[in-house]
Amino acid sequence: MRCVKLLFAAPLVLLSACNAARGPSPSVGFDPSQASYIRAPGRGVIAGQAFLRDASGSNVRYAAGETVRLIPATTYAQTRIKNFYGSVKFLPAASIPKVEPDTQYAALTRTTTTESNGRFTFENVAPGRYYLTTQLIWKPKDAPAPEGGAMYEEVTLTGKENGPVKVVLSGN
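Here's what I pulled together on the structure shown here. Here the residue index of a chain counts from 1 through its sequence in written order. The predicted nature of this model means local features are confined to residues of pLDDT at least 70 and side-chain atom pairs, given and counted, to a pLDDT of 80 or more, with totals for whole chains, interfaces and linings taken over all residues. As a rule here, side-chain values cover all heavy atoms of the structure and leave hydrogens and water aside.

1. Things to note about helix α3 (residues 75-85)
Part 1 of the argument: Of all the residues in α3, the buried ones are Tyr76, Ala77, Thr79, Arg80, Ile81, Phe84 and Tyr85.
Part 2 of the argument: Contact between two residues is taken to exist if any of their heavy atoms lie within 4.5 Å; hydrogens are not considered. We count a stretch as a helix when DSSP gives it H or I for four or more residues in a row; a strand needs E for two or more, and each element gets its number in order from the N terminus. Tucked into the core, α3 has its buried residues touching α2 (32-35), β3 (67-72), β4 (90-92), α4 (103-107), β7 (128-138) and β8 (147-157).
Part 3 of the argument: Gly86 occupies a position one or two residues after α3 and carries a positive phi of about 70°. Relative accessible area decides the class of each residue, using a 1.4 Å probe on protein chains only: under 20% of the type maximum gives buried, over 50% gives exposed, and in between gives partly exposed.

2. A word on the environment of Ser58
Part 1 of the argument: Following the sequence through the fold, Ser58 ends up in the loop between β1 (44-53) and β2 (60-62).
Part 2 of the argument: Relative accessible area serves as the criterion here: at 55%, Ser58 is assigned to the exposed category.
Part 3 of the argument: We call two N or O atoms a polar contact when they sit within 3.5 Å, provided that within protein one can donate a hydrogen and the other can accept it, with sequence-adjacent residues counted only if both atoms are side-chain atoms. In terms of polar contacts, Ser58 uses its side chain to reach the side chain of Ser56, at 2.8 Å.

3. Let's talk about the nonpolar core
Part 1 of the argument: What makes a nonpolar core is a set of buried Ala, Val, Leu, Ile, Met, Phe, Trp, Tyr and Cys residues whose side-chain atoms join them at distances within 4.5 Å. Formed by 38 residues in total, the largest nonpolar core has its most connected members in Ile46, Phe122, Leu132 and Val155.
Part 2 of the argument: Mapped onto this core, the elements with two or more residues apiece are β1, β3, α3, β6 (119-125), β7, β8 and β9 (165-169).
Part 3 of the argument: In contact with Ile46, not counting residues within four places along its chain, are Leu70, Phe120, Thr121, Phe122, Val125, Leu132, Val155, Leu157, Val165 and Val167.

Take a look at the structure:
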């Protein structure tokens, strides 16, 4: 009986530790002037696809109908991404923190919704450095926990591109 209690309690302790508050430290405030270029006119196009492999590695799951966010790489965003993801570009579903971003920060981003094959496009993007983020989470039948997670990629537009900048969001 004691072993069963430990087997049940251990994952809850690990999950709560993973979901500890993450995000920018309180000393990093959002400066809207650093993100203003997202509202500037531009001719850039970012075209991408978001997907993950399941735990077996043999099946690909496409981020169908998921929100992709285009985020200016401000000091606040850089700190937030680093604190969120650390040194990797993927965060498992059980580790995704529950924190609210600064409302001005959220307002100075753009979003789009992926197609059924996980493809997405941002048009009329001004030159600058950006983060692209999305998540793909599913619960396999009879599985104790969800699979998938959150992922990001970084992209820079110079304004001199002759076609779409291609991006793959796959957590790699």
